[in-house]
Amino acid sequence: AVRLESIRLLRAAIQRREVDERTELTEEEVLAVVEKMIKQGRDSIEQFDKGGRDDLVQKEAATLAVLETYLPEQLDDDKLAALIDQALTETDAQSIRDMGKVMGTLKSKYAGQMDFGAVGALVKNNLSN
């Protein structure tokens, strides 16, 4: 039941975006919809947890587990660090002002394979040093 509901939510989100943009989404755009839903789900879990709503936390966590199966395999920490270093070198990033270039490079090459919220913090940390 949870899987069916999750898939229906995902299909509805994809169809809504297709109608809004009056186009058929590419694979990358569908992946972006999945990532957005996962991010919203994590935010919801955080809010439900603060509100003491364990029932809603469990429901949202189950939905997230289903949605995450539609993402490509996530990169491990060692590979992630190496790719960040490579992107810093490619973009010749020197300061925090160059963070957008680095993130753009990573997003274009590795969409769906990394959590860009966490990656942003790592890039920022590297550029601060």
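If you're wondering where the values come from, they're calculated on a predicted model, not measured in any experiment.

Reading the values: the criteria
- Residues numbered from 1 in each chain as written.
- Predicted model: local features only at pLDDT ≥ 70, side-chain atom pairs only at ≥ 80, totals over all residues.
- Heavy atoms only, no water.
- Phe/Tyr/Trp six-rings, centres within 6.5 Å; stacked < 30°, edge-to-face > 60°.
- Lys NZ or Arg CZ within 6 Å of the ring centre and 35° of its normal.
- Axes fitted to C-alpha atoms, helices over the stretch in contact; angles between N-to-C directions.
- Helix = DSSP H or I, 4+ residues; strand = E, 2+ residues; numbered from the N terminus.
- Parallel < 35°, antiparallel > 145°, perpendicular 65-115°, else oblique.
- Left-handed = near helix turned anticlockwise from the far one by under 90°.
- Contact = heavy atoms within 4.5 Å.
- Nonpolar A, V, L, I, M, F, W, Y, C, P; charged D, E, K, R; others polar.
- Expected span 1.5 Å × (residues − 1).

Student: Would you mind going over the packing of aromatic side chains in detail, with residue names and values included?
Tutor: This structure, assessed with the given rule, holds zero aromatic pairs. The side chain of Lys107 reaches across the aromatic face of Phe116, ending 5.7 Å from its centre.

Student: Kindly report on the packing of helix α1 (residues 2-21) against helix α3 (residues 54-68), identifying the contributing residues and their values.
Tutor: Close contact between α1 and α3 brings their axes to 9 Å; oriented N to C, the two are set at 70°. What the angle tells us is that α1 and α3 run roughly perpendicular. By crossing handedness, the relation of α1 to α3 is classed as right-handed. Facing α1, whose interface residues are Val2, Arg3, Glu5, Ser6 and Leu10, α3 presents Lys59, Ala62, Thr63, Val66 and Leu67. Of the residues contributing to the contact of α1 with α3, the split by class is five nonpolar, two polar and three charged.

Student: Describe in detail helix α5 (residues 99-110), supporting the description with residues and values.
Tutor: Over its 12 residues, α5 extends 16 Å from the first C-alpha to the last, a length consistent with the 16 Å expected when each residue adds 1.5 Å. In the core, the buried residues of α5 are packed alongside α4 (77-91) and α6 (116-128). Remark: Gly112 follows α5 within two positions and exhibits a positive phi of approximately 85°.

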